[in-house]
Amino acid sequence: MAAPTGAVTCYPPVVALRAVLFDLDGTLVDSERDYAEAIARCVARAFAITLTADDRAYGTGRSWVAIHAYLRARYPTLAWDRDQLIAATAAESRQLFAERGVTVLPGALAAVARFAGYRRGLVTGSSRAEAGHMLGLLGLADAFAIRLCAEDVPRSKPAPDGYLAACAHLEVAPHEALVIEDSAAGCAAGRAAGCAVVAVRAGNSHGQDQGAAHHVIDTLEHLTIDLADAVAQAAGAGYGGASA
């Protein structure tokens, strides 16, 4: 059947994926519970504060900006400012990782290496000290062209500040970047920035809602270049991808 006179055929825009932006804790390494334990030890020892399970879960996917504000509101006896809490937790977490070791999530190191031909960034709610220590343990100290940590953005995830800043530094438009996340706050941040978002179930230990992601995979072993391109194309056309 012939098209009506004057009809115009439209095609979805082609998106060129140019950058991949990784979260750290819960995405590349199973460390969220260890950091929560480190915070709990610090505030218990210094202020006799006992954190609840909800307190520990609150930090998942959030930066120190949000965590410190939350704890100060919940426990007025916490006299440390944010920098003091970060420093104490960083020292405690180093001891914890020395005791327990580091659990690298399935496919994490291979996934970072797989995208070596793309502009790679790290956007994390961890402090610079924590992120630097962890990347050193993982052998990824030089893997990322940009690291954005808790001290580097005015607002933590789910605000898009970190991902927008990473895109600006890497000189890509947000729709040309793919965000890899695990938490509800992180997925929402990537989506709010205008990036395509893939969520990974493997490190989602608290069962957070990953519904803001365009696509969900079980582990980073499933994050192929073909999948990344397909998710970016679907997101650019306004579609969500099917979960693996």
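Predicted, not measured: the structure shown is a model, and the values here were computed from it.

Undergrad: Lay out the pairing of strand β1 (residues 19–22) in plain terms, naming residues and giving numbers.
TA: Burial of the side chains of β1 extends over both faces: A19 and L21 are buried on one face and V20 and F22 on the other. Of the pairings in the sheet, the one linking β1 to strand β2 (residues 119–123) comprises four bridges and is parallel in character. Residue pairing for β2: L21 is matched across the bridge by G121. As paired elements, β1 and strand β4 (residues 177–181) share four bridges and run parallel to each other. By the bridge assignment for β4, F22 is matched with I180.

Undergrad: Explain the pattern of salt bridges to me, using residue names and the numbers behind them.
TA: Applying the stated criterion across every chain yields a total of 14 salt bridges. For R41, the salt bridge identified is with E92, shortest N-O distance 3.4 Å. Taken together, the positions of R41 in helix α1 (residues 32–47) and E92 in helix α4 (residues 82–100) put the pair 51 residues apart, joining distant regions of the chain. For E181, the salt bridge is made with K157, and the minimal N-O distance between the two is 2.7 Å. Residue E181 is found in strand β4, and its partner K157 is found in the loop between β3 (146–148) and α7 (161–170); the two are separated by 24 residues along the sequence. Salt bridges sharing partners connect three or more residues here, namely E37, R41, R45, R56, E92 and E99.

Procedures and definitions
- Residues numbered from 1 in each chain as written.
- Predicted model: local features only at pLDDT ≥ 70, side-chain atom pairs only at ≥ 80, totals over all residues.
- Heavy atoms only, no water.
- Buried < 20%, exposed > 50% of the residue type's maximum accessible area, 1.4 Å probe, protein only.
- Helix = DSSP H or I, 4+ residues; strand = E, 2+ residues; numbered from the N terminus.
- Pairing = 2+ DSSP bridges.
- Salt bridge = Lys/Arg side-chain N within 4 Å of Asp/Glu carboxyl O.

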